[in-house]
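# Observations on the three-dimensional arrangement
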Amino acid sequence: MPSYDPNNIFAKILRGELPCYKVYEDDKVLAFLDIMPRSPGHTLVLPKAPARNILDISADDLAHVITAAQKVAKAAVKAFSADGITIQQFNEGAGGQVVFHLHLHVIPRKAGVAMKPPASEKEKPDVLAEHAKKLAAAISG
Ligand code: DGP
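What comes next concerns the included structure. Bear in mind the structure is a predicted one, so any value in this text is a computation, not a measurement. (Residues numbered from 1 in each chain as written. Predicted model: local features only at pLDDT ≥ 70, side-chain atom pairs only at ≥ 80, totals over all residues. Heavy atoms only, no water.)

Now for helix H2 (residues 59–80). Between its first and last C-alpha atoms H2 spans 31 Å; for 22 residues at 1.5 Å apiece the expected length is 32 Å, and the two agree. Along H2, the residues that are buried comprise Asp61, Val65, Ala68, Ala69, Val72, Ala73, Ala75, Ala76, Ala79 and Phe80. Contacts made by the buried residues of H2 are with strand E1 (22–25), strand E2 (29–33), strand E3 (43–47), strand E4 (84–88), strand E5 (104–109) and helix H3 (125–140). Positive phi shows up at Ser81, right after H2, with a value of about 45 degrees. (Helix = DSSP H or I, 4+ residues; strand = E, 2+ residues; numbered from the N terminus. Expected span 1.5 Å × (residues − 1). Buried < 20%, exposed > 50% of the residue type's maximum accessible area, 1.4 Å probe, protein only. Contact = heavy atoms within 4.5 Å.)

As a further point, take empty space enclosed by the protein. Counted according to the given criterion, the structure contains one cavity of 30 Å³ or more. If you add up the space inside the largest cavity, you get close to 30 Å³. Surrounding the largest cavity, Leu33, Asp34, Pro37, Gly41, His42, Glu123, Leu128 and His131 form its lining. Considering only residue class, the lining of the largest cavity consists of three nonpolar, three polar and two charged. (1 Å grid on protein atoms, 1.4 Å probe; cavity = no way out; pocket = protein on both sides within 12 Å on 5 of 7 lines; lining within 4 Å. Points joined across faces, edges and corners; volume = space filled by probe spheres on them. Nonpolar A, V, L, I, M, F, W, Y, C, P; charged D, E, K, R; others polar.)

What follows is about the pattern of salt bridges. Following the criterion strictly, the structure yields six salt bridges and no others. With a closest N to O distance of 2.6 Å, Lys22 and Glu25 form a salt bridge. The partly exposed category is assigned to Glu25, whose relative accessible area is 39%. Put simply, Lys22, Glu25 and Lys48 are held in one network by salt bridges that share partners. (Salt bridge = Lys/Arg side-chain N within 4 Å of Asp/Glu carboxyl O.)

This paragraph deals with the packing of aromatic side chains. The tally for this structure, following the rule as stated, stands at one aromatic pair. Here Phe10 and Phe32 contribute two aromatic rings whose centre-to-centre distance is 5.5 Å and whose plane-to-plane angle is 75 degrees, an arrangement assigned as edge-to-face. Highlighted residues: Phe10 in helix H1 (residues 9–14) and Phe32 in strand E2, separated in sequence by 22 residues. Over the aromatic face of Phe80 sits the side chain of Lys134, whose NZ or CZ is 4.5 Å from the ring centroid. (Phe/Tyr/Trp six-rings, centres within 6.5 Å; stacked < 30°, edge-to-face > 60°. Lys NZ or Arg CZ within 6 Å of the ring centre and 35° of its normal.)

Here the focus is unusual backbone geometry. For Ser81, which is not glycine, the phi dihedral falls at a positive 45 degrees. With respect to the helices, strands and loops of the structure, Ser81 is situated in the loop between H2 and E4. Assessed through its relative accessible area of 46%, Ser81 is described here as partly exposed. Its identity as a non-glycine residue notwithstanding, Ala119 has a phi of 45 degrees, on the positive side. Relative to the helices and strands, Ala119 is located in the loop between E5 and H3. According to the relative accessible area criterion, Ala119 is exposed, its value standing at 54%.

Relative to the elements of secondary structure, Leu44 occurs in strand E3. Leave out the neighbours within four places in its chain, and Leu44 touches Phe10, Leu30, Ala31, Phe32, Asp34, His103, Leu104 and His105.

Right under this line is the structure:
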């Protein structure tokens, strides 16, 4: 497998070199909105550790990521009145991965509403800012 590239776009977000719509952060994990959401509130949950995907992350860091994803999922049910949550995670190009820093997609779902295709449309900044605020408030409250 290829090794971790510290210049991937999510590594730059983690270092604060690029902005994001932050939803949650602790010492091990950062969660922010996908800028091309498949549904309102679509969030990406990342380890701060430099892992390419599930094939090279430590079990401990992976446990922190899934625990944070659960926090985001529960907050999405509250903040977006979601009827369900889809979790996705891709590994290597052949597995559908595009950005090579491990991330879980937490996608709030409404009954009977299909997800948009992956990375199909950039959401407006004011909408993303409002959704991040709602999710962050649901996590801390
Ligand atoms: P994948 O590696 O297949 O899980 O897809 C990467 C996802 O990351 C895709 O849903 C679009 C999203 N994305 C790509 N570039 C950016 C970015 O600069 N910021 C954010 N927040 N999301 C991004």
